[in-house]
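Remarks on the overall topology
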Amino acid sequence: NAGVTQTPKFQVLKTGQSMTLQCAQDMNHEYMSWYRQDPGMGLRLIHYSVGAGITDQGEVPNGYNVSRSTTEDFPLRLLSAAPSQTSVYFCASSLTSGRGETQYFGPGTRLLVL
Amino acid sequence: QQQVKQSPQSLIVQKGGISIINCAYENTAFDYFPWYQQFPGKGPALLIAIRPDVSEKKEGRFTISFNKSAKQFSLHIMDSQPGDSATYFCAASNYQLIWGAGTKLIIKP
């Protein structure tokens, strides 16, 4: 099992550009989520999905879109990049959305918006 | 009420010493308290977790102490080693995980 994979590892964007961060998992997990990690702020939930075709907003969803057409994939789209979106983005998955489920994280995507 | 407050922000401990990281929460509905460990350039990984029906859980050199009445829980790393140098996150959950801000731990050889 590859676990949770993310591409790209690093990306530089100019303000206003759009891009998609890819996330895939091969563990047949129902629950997938996207976080951003900023210094001193921990992990903040952007969007999450409890299964194919179902997505919902987290704590900081503005400027981001998601879709979940398959169990395996959960891409995150930046619609019009802003410098405030410079961050490290992590995708995570767990077997279900139930309480106490271990979340498995990908290696992260470092995004720099100029 | 959804916050989890973690301290200290950074911690330096001598090799062989005890590292202690503290977290406090407000929402009494939280019923799952994990700690995640993150090495540089990697995603966080579950280290150890506890539920509020026990006051302590130990796995090797890592122990969670839980004080339900004080709404606090802490991670103790005994005999700290340079390989323990990482960022540690506490979290609390009743539906979604609410994360602490993280503690950067450095173990000096």
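Because the structure is predicted, anything quoted here is derived from the model rather than measured. (Residues numbered from 1 in each chain as written. Chains lettered and ligands numbered in written order. Predicted model: local features only at pLDDT ≥ 70, side-chain atom pairs only at ≥ 80, totals over all residues. Heavy atoms only, no water.)

All names here are of chain B. If you look at the biggest cluster of nonpolar residues, it comprises 25 residues, and the most contacted ones within it are Phe33, Trp35, Phe73, Leu75 and Tyr88. Among the elements of the structure, β2 (10-14), β3 (19-25), β4 (33-38), β5 (45-50), β7 (62-67), β8 (72-77), β9 (86-93) and β11 (103-108) are those that each provide at least two residues to this core. With residues up to four places along the chain from it excluded, the contact list for Tyr88 reads Gln6, Ile21, Tyr36, Gln37, Leu47, Phe62, Leu75, Ile77, Gly102, Thr103 and Leu105. (Core = buried A, V, L, I, M, F, W, Y, C linked by side-chain atoms within 4.5 Å. Buried < 20%, exposed > 50% of the residue type's maximum accessible area, 1.4 Å probe, protein only. Helix = DSSP H or I, 4+ residues; strand = E, 2+ residues; numbered from the N terminus. Contact = heavy atoms within 4.5 Å.)

A covalent bond bridging the sulfur atoms of two cysteines is what the word disulfide describes. This model, assessed by the stated rule, comprises two disulfides over all chains. A sulfur-sulfur separation of 1.8 Å characterises the disulfide bridge that pairs Cys23 of chain A with Cys91 of chain A. Between Cys23 of chain A and Cys91 of chain A, the S-S torsion sits near -70 degrees, and that sign places the bridge as left-handed. Within this pair, whereas Cys23 of chain A is found in strand β3 (residues 19-25), its partner Cys91 of chain A is found in strand β9 (residues 87-94), the two being separated by 68 residues in sequence. This pair shows no difference in class: Cys23 of chain A is buried, exactly as Cys91 of chain A is. For Cys23 of chain B, the disulfide goes to Cys90 of chain B, at an S-S distance of 1.8 Å. (Disulfide = S-S within 2.5 Å.)

What follows covers the interface of chain B and chain A. Between chain B and chain A, the contact holds 19 residues from the first and 20 residues from the second. Buried surface at the junction of chain B and chain A, both sides included, amounts to about 1,600 Å², of which 49% is carbon and sulfur. Viewed at the interface, chain A and chain B are joined by zero salt bridges. Linking chain B with chain A are five residue pairs in polar contact (both at pLDDT 80 or more). (Buried area = accessible area lost by both parts, 1.4 Å probe. Salt bridge = Lys/Arg side-chain N within 4 Å of Asp/Glu carboxyl O. Polar contact = N/O pair within 3.5 Å; in protein donor to acceptor, adjacent residues only side chain to side chain.)

In a beta sheet, neighbouring strands pair by backbone hydrogen bonds and run either parallel or antiparallel. Residue and element names in this part refer to chain A. With antiparallel pairing, the four strands of this open sheet are ordered in space as β1-β3-β8-β7. One side of each edge strand has no neighbouring strand; the edge strands of this open sheet are β1 (4-7) and β7 (64-66). Here the strands of the sheet are splayed against their neighbours by 20 degrees on average, with no regard to which way each runs. The pairing of β3 with strand β8 (residues 76-78) spans three bridges and is antiparallel. Following the sheet pairing, Thr20 is matched in β8 by Arg77. (Pairing = 2+ DSSP bridges. Axes fitted to C-alpha atoms, helices over the stretch in contact; angles between N-to-C directions.)

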